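Per-entry structural report
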Amino acid sequence: MAKIRYYYNTETCKYEPIKASKKAVFMNIMGFLSVSIVLASGLIYLYRTNFTPIKESTLLSRNQDLKVEWNLLNDELQKAYNHAEELEFKDDKIYRVILDTEPIPLTVREGGVGGHDKYEGLMEEDLEQSEMIVGTFQKMDKLKKRLYIQSKSYDQISSLLSEKEKMWASRPAIQPINNKELTRLHTTFGRRFHPILKQWRDHDGLDFTAPTGTPVYATGDGVVTNSYRSSTYGNVIFINHGYGYQTRYAHLVEYIVNQGEEVKRGQVIGYVGSTGRSEAPHLHYEVLYNYKPINPINFFQRDLSNDEYEKLIEISKQETIPLD
């Protein structure tokens, strides 16, 4: 219960209760409210200048954590970018060089990924943060495009490699008979005096001396286009290796492959003999490129070391008595 205040009335000589007017009551209330508002505003100001609200403090802490995580993401993105550049270097400078094909132009690898408008939705009032975010997204988009181009490049390399493997397997690359001791090469490639016809003629292959029945091997993968007997070459095998290469094996005592049959490098296709126009058992071996004879000695590196190959070349330069 509110206390009643009194005052002394000199006219009546009595203490009488003080009666406040409505205006006075209103003014008192307004004064109280004004003072309260001023005090409250001051307290709020002091609180805000000296203390961070819990919700805002939580958001600031989370924002700082996000900045740290974003920087870590940028570091990982840069590592991925560096790794992509290593893959591109190996692609252009190693794989494509080996496969004899042109590297992918840098303008293709680093092509545009869209204008600046693409990232407008990421722009905020805080310019520093916006630039960081937009820069990261731009780098990520570029990385995605470069990796996509690299994946397509690997598809192309895989296709080229399959074709090259087929070509390397088909290309004549070994000696047609076992010649580990390098003693069987007899007659060289080129012009020489024919022992039977008694005149100078071109010798379009190499002669390997060997006992009758010595196995003869296909020097590369291919298809037998002919296996027949002729008056000059005796029993002959002709193999088409594709990619412009053909090989011929002559004077065989026997051939064991037929026209249209597929053969693999190292497969026995016949046996050394002395059929046709021949003076002793031997194999006449030819390599042709687009049906033009070339020196077979250039194709023996596959089963010879460098020293053995050099020695075989020296042997091929020696004068010998022709066998056919």
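Per an unreviewed UniProt entry, the recorded name for the protein chain is M23 family metallopeptidase, and the organism is Fulvivirga kasyanovii.

Next up on the list: the pattern of salt bridges. Summed over the entire model, instances satisfying the criterion amount to 8 salt bridges. The salt bridge involving Glu88 is made with Arg109; its shortest N-O contact spans 3.9 Å. In this pair, Glu88 sits in helix α2 (residues 54–98) while Arg109 sits in helix α3 (residues 106–109), placing the two residues 21 residues apart along the sequence. A salt bridge links Asp92 to Arg109; its shortest N-O distance comes to 3.1 Å. Placement of the pair is Asp92 in helix α2 and Arg109 in helix α3, with a sequence separation of 17 residues. Relative accessible area serves as the criterion here: at 2%, Arg109 is assigned to the buried category. The network of salt bridges with common partners includes Glu88, Asp91, Asp92, Arg96, Arg109 and Arg146.

This next bit is on the environment of Thr225. Here Thr225 is to be found in strand β8 (residues 222–230). The sequence separation of Thr225 and Ile237 amounts to 12 residues, and the corresponding C-alpha distance is 7.9 Å. Leave out the neighbours within four places in its chain, and Thr225 touches Phe238, Ile239, Asn240 and Gln259.

Calculation criteria
Residues numbered from 1 in each chain as written. Predicted model: local features only at pLDDT ≥ 70, side-chain atom pairs only at ≥ 80, totals over all residues. Heavy atoms only, no water. Salt bridge = Lys/Arg side-chain N within 4 Å of Asp/Glu carboxyl O. Helix = DSSP H or I, 4+ residues; strand = E, 2+ residues; numbered from the N terminus. Buried < 20%, exposed > 50% of the residue type's maximum accessible area, 1.4 Å probe, protein only. Contact = heavy atoms within 4.5 Å.

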